[in-house]
Amino acid sequence: MDFYTRQIDARRQTRWLLLAFIVAVVLVVLALDVLFFTLLGVRGEPRDAFAPFAYAQRNPGAAFFCSVLVLGVIGLSSLFKAIQLREGGGVVARSLGGVLVARDTQDLKRKRLHNVVEEMAIASGVPMPEVYVLEHETGINAFAAGHSPANAAIAVTQGALDTLSRDELQGVIAHEFSHVLNGDMRLNVQLMGWLFGLFVVALIGRTMLRYAPRGRRNGGWLFVAALGVMVLGYLGLFFGRLLQAAVSRQRERLADASSVQFTRNPEGLKGALVKIAGVAQGSRIVEADPEQAAHMLFAPGLSRFFATHPPLAERIRALDPHFDVKQLPRAAAQALAAVPAFDAAELEQARVARVAAGPGWQPDEASAPGAELPREVAMRTAKSGGAVADALLVPTGPHPAANAVAAKPQQISSQVGALDTLQIEQAKALRLALPPDLREFVEVDGQARAIVLALLVSRDPAVAERQLVMLRKNLPAADFGAVRDAMPLAAELAPMLRLPALLQAFPALRRLPITQRQALARLAENLIRADARIDVFEFCLARLLGTLLRDEIEARVPHGNLSLADAADDLQVLFAVLASFGANDAHAARMAYEAGMQCVLPMHRPPYQAPEDWPRRLSEALLRLEKLHPYAKKAVIEGLVKTIAHDELLNVSEAELLRTVCATLHCPLPTLLPDAVA
């Protein structure tokens, strides 16, 4: 099952669950109506005790008000929860006692966690999520939450940090990233919002029951009404969570398989599952109430009548068919006994580790233990001529071909929404290739904003002067000074590190107030237009920033149902722009355009036209192309890669445009390895 099929599967399940939720709400409303009309009929006219609908016919106003009241309570409660959850996965993490992990944390275990998450984000081409630790939980568990990668958060229990090795932790994080990429995370958050409305009905009934008089003379009917509301509310919640659990079990199996696909190391995830069986606390969450988030946890967080996860033994056997389930307690005890101490000696081991003879590569604790790259990575690194951190597309001349490497279209297009070990190792090197000062700079909200603006300051002195005048007018003195301080850091970045740097800054950017985020997007747009000329990187940064900010603020649906034929004019703009940036002349651009469009619109397609005012037209086209059906997006990306690879080369401009287009279409493209394009 590829990325696009997983997206369609998640959409299909969302529709079925929404339908099931609506049915549950209708049944709860009808059941409460029957209860209320019966009680009202008993109090008014005893002969109607068993004819609630007769009462409704004689009192339509009261019946309508009662139904609307119940429906309003459920709907408004669900809406309230949905609005609350739009703030991002951090809301869920904090509700369970999560503590934010800063990039500059001095705790070695938290530092390793942050680095593993950062590497996975770089490798998958999504914004860096917020990282949390449930520091009071001794069980082994984790979860990912959020409406989109732009407002995602990943949380891990302290027990997982204390117990798991780096490979096992990476397997768990890969499992959670599969939820981010497969669309499960959005589905899980929506389920939390929907079921909250039914929970509120039960909560109201429970509160009424606490204060309702018990005596017949004092209105015993209130006690009966309260008891009925509570029972019916919990009954609706029960069936809602039954559906929730069934979907969760299926998505957890898919996430386990995706984790192995990402890391190519089933032993890591298997080891984490085995250790859960040996820890006294298991995977339970005890310091907070995990009921509402139970379906999004890595492993069961509480005992339930209907399980949210497949049995532990079943998950382990799926990873290792030869595993003897009877030996699980013994294997768990052995695994826990072999947990190495994580101390200063391990940190020192990581610092002295080297990578495939690549000079200047100084790993930190993130690589501990065993910081050397796998032999397969080292061999592929040697073929590309040096350390993985040096395997970047760096301009060597003014001609597009001078900045290019060979390209294989099938290998590039198949990487959307997928990862492997080599890309994760490349991401580790890319993370370490980012200047240490810059990595610290993007941790603070105002400094992260400064680095984004500094990346847009032109290297042409005349243009830069105009941009600085604009910044001075629009920013307070302290913020303007931060931009000036960030400019040397931005100037040092290699071309293929600029977009990863932006993605790393996003956790801090999302902590800015909404008004400041919107102002940042407008100021970035004005900076880009300061020289009346927009280059590819400026366009990519502005487009990516705008997409991420909209996704984070609006929590939009990532895909639509627009067909390729309906978007023919927009596709013409997209393919013409991409062809022009990879070609040496108009004829080559036309041929590249035809090669790509042949995959997208083989029968009837618009003729090639050299793009005019391409930034504006491409921005407008991408806004409409976001609404394409997932399979239509698959065809578009495969066509774009054919256009890029028509001359069998991939240059910096093409690579940045391709990754930005994929991000805008919500089809994240991982880091392009030299062997993936060569």
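Residues numbered from 1 in each chain as written. Predicted model: local features only at pLDDT ≥ 70, side-chain atom pairs only at ≥ 80, totals over all residues. Heavy atoms only, no water.

Peer 1: Please clarify how unusual backbone geometry should be interpreted in this entry.
Peer 2: Peptide bonds are trans in most cases, and residues, glycine excluded, mostly fall at negative phi. The backbone phi angle of Asp-613 is positive, close to 50 degrees, even though this residue is not glycine. When you line up the elements, Asp-613 lands in the loop between α25 (586-600) and α26 (614-625). The exposure class of Asp-613 is partly exposed, given its relative accessible area of 42%. The phi torsion at His-666 lies on the positive side, around 60 degrees, for a residue other than glycine. (Helix = DSSP H or I, 4+ residues; strand = E, 2+ residues; numbered from the N terminus. Buried < 20%, exposed > 50% of the residue type's maximum accessible area, 1.4 Å probe, protein only.)

Peer 1: What is the right way to read the sheet that holds strand β2 (residues 130-134) from this model?
Peer 2: As a general point, the strands of a sheet are linked pairwise by backbone hydrogen bonds and lie either parallel or antiparallel. If you walk across this open sheet you meet the four strands as β1-β2-β4-β3, and the pairing is mixed. Where the open sheet ends on each side, the last strands, each with one partner, are β1 (99-100) and β3 (142-145). In this structure, β1 lies alongside β2, joined through two bridges in antiparallel fashion. The residue bridging Leu-100 from the neighbouring strand is Tyr-132, located in β2. (Pairing = 2+ DSSP bridges.)

Peer 1: It is not clear to me how the nonpolar core should be interpreted in this structure. Could you clarify?
Peer 2: Nonpolar side chains tend to gather and get buried jointly when the protein is soluble and globular. Residues Ile-173, Ile-451, Leu-471 and Leu-571 are the most contacted members of the largest nonpolar core, which totals 141 residues. Here this core gets 10 residues from one element, more than from any other, and that element is helix α23 (residues 536-554). Leu-17, Trp-194, Ala-225 and Val-229 belong to the second largest nonpolar core, which has 27 residues in total. (Core = buried A, V, L, I, M, F, W, Y, C linked by side-chain atoms within 4.5 Å.)

Peer 1: Looking at this structure, I do not really get a nonpolar patch on the surface. What am I missing?
Peer 2: Where nonpolar side chains cluster on the molecular surface, the patch consists of Trp-16, Leu-18, Leu-19, Ile-22, Val-23, Val-26, Leu-27 and Leu-30 and spans about 760 Å² of accessible area. Topologically, Ile-22 is positioned in helix α1 (residues 3-44). Here Ile-22 falls in the partly exposed class, since its relative accessible area comes to 43%. (Patch = residues over 30% accessible without salt bridge, like charges linked within 9 Å, V, L, I, M, F, W, Y side chains within 5 Å. Areas by Shrake-Rupley, 256 points an atom, 1.4 Å probe, with all protein chains shown as cover. Salt bridge = Lys/Arg side-chain N within 4 Å of Asp/Glu carboxyl O.)

Peer 1: In this structure, what is going on with the environment of Phe-581? I would like to understand it.
Peer 2: By the secondary structure assignment, Phe-581 is in helix α24 (residues 568-582). A residue is classified by how much of its surface remains accessible, and Phe-581, at 23% relative accessible area, is partly exposed. Between the alpha carbons of Phe-581 and Asn-651 there is a distance of 8.7 Å; along the sequence they are 70 residues apart.

Peer 1: Got a minute to help me understand the side chain of Ser-77 in this structure?
Peer 2: Inspection of the secondary structure assignment puts Ser-77 in helix α3 (residues 60-85). The class of Ser-77 is buried, set by a relative accessible area of 11%. Setting aside anything within four residues of it in sequence, one finds Ser-77 in contact with Gly-72, Phe-196, Gly-197 and Val-200. (Contact = heavy atoms within 4.5 Å.)

Peer 1: Looking at this model, I keep getting lost on the packing of aromatic side chains. Mind explaining?
Peer 2: How two aromatic rings sit relative to each other is given by the distance of their centres and the angle of their planes. If you walk through the whole model with that rule in mind, you get six aromatic pairs. Residues Phe-539 and Trp-614 carry aromatic rings whose centres are separated by 5.1 Å and whose planes lie at 55 degrees to one another, so their mutual orientation is tilted. Here Phe-539 is found in helix α23, whereas its partner Trp-614 is found in helix α26, with 75 residues between them in sequence. Relative accessible area serves as the criterion here: at 13%, Trp-614 is assigned to the buried category. Feature note: the residues Phe-539, Phe-581 and Trp-614 constitute an aromatic cluster, connected by ring pairs. (Phe/Tyr/Trp six-rings, centres within 6.5 Å; stacked < 30°, edge-to-face > 60°.)

Peer 1: I'm lost on the pairing of β2 in this one. Help?
Peer 2: Remark: a regular strand shows side chains that alternate across the two faces of the sheet. Among the five residues of β2, five are classified as buried, and the element is accordingly described as predominantly covered. Here β2 shows a buried face lined by Glu-130, Tyr-132 and Leu-134 and a second buried face lined by Val-131 and Val-133.

Peer 1: Looking at this structure, I do not really get the environment of His-147. What am I missing?
Peer 2: Relative to the helices and strands, His-147 is located in the loop between β3 and β4 (153-157). For His-147, a relative accessible area of 11% translates into the label buried. Remark: the alpha-carbon pair of His-147 and Leu-85, spanning 62 residues in sequence, is separated by 8.0 Å.

Peer 1: Got a minute to help me understand the environment of Gly-446 in this structure?
Peer 2: Positionally, Gly-446 belongs in helix α18 (residues 445-455). Along the primary structure Gly-446 and Ala-508 are separated by 62 residues, whereas in three dimensions their C-alpha atoms are 8.1 Å apart.

Peer 1: It is not clear to me how the pairing of β3 should be interpreted in this structure. Could you clarify?
Peer 2: The alternating pattern of β3 places Ala-142 and Ala-144 on one face and Phe-143 and Ala-145 on the opposite face, and all of these are buried. Across four bridges, the pairing between β3 and β4 is antiparallel. Residue pairing for β4: Ala-142 is matched across the bridge by Val-156.

Peer 1: Hey, could you run me through helix α11 (residues 312-319) in this one?
Peer 2: Residues Arg-315, Ile-316 and Leu-319 constitute the buried set of α11. For α11, the angular spread of the buried residues around the axis is 95 degrees, confining them to a single face. (Arc of directions from axis to C-beta.)

Peer 1: Help me out: how do you make sense of the packing of α3 against helix α8 (residues 184-211) in this one?
Peer 2: Two quantities define a packed helix pair, namely the angle between the axes and the distance from one axis to the other. Where α3 contacts α8, the two axes come as close as 7 Å, and the packing angle between them is 135 degrees. With respect to α8, the axis of α3 lies oblique. For the crossing formed where α3 meets α8, the hand is right-handed. Residue-level contacts link Val-73, Ile-74, Ser-77, Ser-78, Phe-80, Lys-81 and Leu-85 of α3 to Val-189, Met-192, Gly-193, Trp-194, Phe-196, Gly-197, Leu-198, Val-200, Val-201 and Ile-204 of α8. Split by residue class, the contact of α3 with α8 holds 12 nonpolar, four polar and one charged. (Axes fitted to C-alpha atoms, helices over the stretch in contact; angles between N-to-C directions. Parallel < 35°, antiparallel > 145°, perpendicular 65-115°, else oblique. Left-handed = near helix turned anticlockwise from the far one by under 90°. Nonpolar A, V, L, I, M, F, W, Y, C, P; charged D, E, K, R; others polar.)

Peer 1: So what exactly am I meant to see when it comes to helix α16 (residues 421-433) here?
Peer 2: Between its first and last C-alpha atoms α16 spans 18 Å; for 13 residues at 1.5 Å apiece the expected length is 18 Å, and the two agree. Across the 13 residues of α16, 11 count as buried, placing the element largely inside the fold. Among the residues making up α16, those that are buried are Leu-422, Gln-423, Ile-424, Glu-425, Gln-426, Ala-427, Lys-428, Ala-429, Leu-430, Arg-431 and Leu-432. (Expected span 1.5 Å × (residues − 1).)

Peer 1: Can you help me understand the state of the cysteines in this one?
Peer 2: One covalent bond between the sulfur atoms of two cysteine residues makes up a disulfide. Within this structure, the stated rule accounts for zero disulfides. Looking at the unpaired Cys-662, the closest cysteine sulfur is the one in Cys-667, lying at 6.6 Å. (Disulfide = S-S within 2.5 Å.)

Peer 1: Can you walk me through the pattern of salt bridges in this structure?
Peer 2: Opposite charge on two side chains allows them to pair when their charged atoms are near. Applying the stated criterion across every chain, the model contains 13 salt bridges. For Lys-270, the salt bridge identified is with Asp-320, shortest N-O distance 2.7 Å. Here Asp-320 lies in the loop between α11 and α12 (328-337) and Lys-270 lies in helix α10 (residues 266-278), a separation of 50 residues in the sequence. Taken together, the shared-partner salt bridges in this structure form one network comprising Glu-267, Lys-270 and Asp-320.

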